[in-house]
Amino acid sequence: MISALFLLPACRTICYPRFMPALSDKTKEAMIRLFRDLVAFDTTSCNSNIPAADHLADYLVGRGCSIERFPADNGQKVNLVARKGPYCEGGLILSGHLDVVPAAEPDWKSDPFELIETDDRYTARGAADMKGFVSIAAGIMAAVDADKMCVPLVGIFTCNEEIGTVGAQEFVRDWDNRWPMPTSAIIGEPTNLKVVRMHKGHTRLSIHVHGKSGHSGYPKLGSNAVEKLGMVIQAIIDLRKEIESERTEYSRFFAETPHAVLNPAIVAGGKAINIIPDYCSLDLGLRVLPGESSRTYIDRINRRLAELKLAENELTLTVNADSPPLLTDADSEINRRLCGHIGQTEELAVHYASDAGPFAQLGIQSVLYGPGSIEVAHKPNEYLLKSQYNKACDVLSEFVTDWCMKADCC
């Protein structure tokens, strides 16, 4: 069935800016309260994000936004979509994830789920990555005047980003084109307020090796899975060394590791010192460059494993999560306009993955831009400088005004 929404007239694009007033002190105070509230929800990826998402939804609904929920992770979590403005083509997405990595390190100097404010920073788990940005995006959505918008502003707030952009991938599968989704997005990953248009992908793999248990005093009666995995690990190391010598046209943007990365990360197996181990596993991380496909490397891994000539029932390779790399065109509207807005001329890339990779499957061109540093994310005493928080508020408020609020265009 064709939705009636697609019969709405498209907005005209030649128009003059009508600037929204700068965010008031009252609005910024409300954003900080929301920031503090979001931090207080323990949204570690093993937990549900629904209470935090409900609180965010209440904040936005009370300020004129419409809300749609997309259940994820078998109903245990949710991807939240907020929108404001007319139903027409165009518009802008502000997106951030609600989940955080664990905060179990003993080096925390304060409760990681309480926003601690000092002279120059906010400290908490998720302060930089990325509840600070989420509060900014929601505050801007709340402040913008829907009656003065000619294209919509959409917020996409995802779950399960920290375990492989799984929530965004579910959202991409669930999205049903119920209204025209904007094709330009800002993902608020902590980039120190720099625009990033490229990043590597991240694929999580597991290799499972099966043997036969038995008494360790009679090794010929069993089949040692740990020994077999040793051969697997050596094959992976040999392949990794080969990959490290390879380059692509985008390698120059990744000076530290200008190649795909293959990381043997977790080994598990064995039950007791006097039992021949019948099972052992290896978890791998794979990070491919923009323009590359993880499938190419998975095929290469499979070929190396086949050379070990283990029986089919002795060895399996499983893909647990596959987050694609990001490659947004330098001439795309979102990259060109945001770089122009902040005066950035350099082209930047990062080595981590984000929800921008899956969003590209919906035709959404994304850049990363947010306050905070990735160097303090995922660490004890994670923090966000107040100066960056405040600057992000001003820059993004001005940019949303320029993008969404135009005179005489609808």
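Colleague: I'd like to hear about the overall build of the protein chain, residue by residue, with values.
Modeller: Helix and strand counts for the protein chain come out as nine helices and 20 strands. A compact globule built from 410 residues would reach a C-alpha radius of gyration of about 22 Å, and the protein chain, at 24 Å, matches this within 12%. With respect to the three principal axes, the spread of C-alpha positions in the protein chain is 85 × 45 × 45 Å. When burial is assessed residue by residue, the protein chain has 51% of its 410 residues classed as buried. As displayed, the protein chain has an accessible area near 18,600 Å², and 51% of this comes from carbon and sulfur atoms. Each charge class in the protein chain was averaged separately, 42 positive and 53 negative side chains, and the resulting centres sit 1 Å apart.

Colleague: Tell me about helix 4 (residues 166–174), and please be specific about residues and values.
Modeller: Among the residues of helix 4, Gly167, Ala168, Gln169, Glu170, Phe171 and Val172 are the ones counted as buried. For helix 4, the secondary structure elements touched by its buried residues are strand 2 (66–72), strand 3 (77–84), strand 7 (153–158), strand 15 (315–323) and helix 8 (356–359).

Colleague: An account of the packing of aromatic side chains is needed here, citing residue identities and associated values.
Modeller: What the rule picks out here adds up to nine aromatic pairs. Of the aromatic side chains, those joined through ring pairs into one cluster are Phe70, Phe171, Trp175, Trp179 and Phe359. Sitting above the plane of the Trp179 ring, Arg83 keeps its charged end 4.9 Å from the centroid. Over the aromatic face of Phe253 sits the side chain of Arg197, whose NZ or CZ is 6.0 Å from the ring centroid.

Colleague: Just give me the short version of the nonpolar core, but keep the residues and values in it.
Modeller: Counting 60 residues, the largest nonpolar core has Leu56, Leu60 and Leu153 as the members making the most contacts within it. Listing elements by their share of this core, those giving two or more residues are helix 1 (25–40), helix 2 (50–61), strand 3, strand 4 (92–97), helix 3 (127–143), strand 7, helix 7 (333–342) and helix 9 (386–404). In this structure, Leu56 is in contact with Leu34, Leu38, Leu80, Leu98, Val134, Ala138 and Phe157, ignoring residues within four places of it in sequence. Within the second largest apolar cluster, 27 residues are counted, among which are Met198, Val209, Ala225 and Ala260.

Colleague: A description of the layout of surface pockets should follow, citing residues and the corresponding values.
Modeller: The space that makes up the largest pocket amounts to roughly 1,200 Å³. Lining the largest pocket are 39 residues, and of these Arg287, His351, Tyr352, Ala353 and Ile374 lie nearest its centre. Elements with a contribution of two residues or more to the lining of the largest pocket: strand 10 (202–210), strand 12 (261–269), strand 14 (279–287), strand 15 and strand 17 (349–350). Of all the elements, strand 14 adds the most residues to the lining of the largest pocket, at four residues.

Conventions we followed
- Residues numbered from 1 in each chain as written.
- Predicted model: local features only at pLDDT ≥ 70, side-chain atom pairs only at ≥ 80, totals over all residues.
- Heavy atoms only, no water.
- Helix = DSSP H or I, 4+ residues; strand = E, 2+ residues; numbered from the N terminus.
- Rg over C-alpha atoms; globule rule 2.2 N^0.38 Å.
- Buried < 20%, exposed > 50% of the residue type's maximum accessible area, 1.4 Å probe, protein only.
- Areas by Shrake-Rupley, 256 points an atom, 1.4 Å probe, with all protein chains shown as cover.
- Lys, Arg positive; Asp, Glu negative; His and termini not counted.
- Charge placed at Lys NZ, Arg CZ, Asp CG, Glu CD.
- Contact = heavy atoms within 4.5 Å.
- Phe/Tyr/Trp six-rings, centres within 6.5 Å; stacked < 30°, edge-to-face > 60°.
- Lys NZ or Arg CZ within 6 Å of the ring centre and 35° of its normal.
- Core = buried A, V, L, I, M, F, W, Y, C linked by side-chain atoms within 4.5 Å.
- 1 Å grid on protein atoms, 1.4 Å probe; cavity = no way out; pocket = protein on both sides within 12 Å on 5 of 7 lines; lining within 4 Å.
- Points joined across faces, edges and corners; volume = space filled by probe spheres on them.

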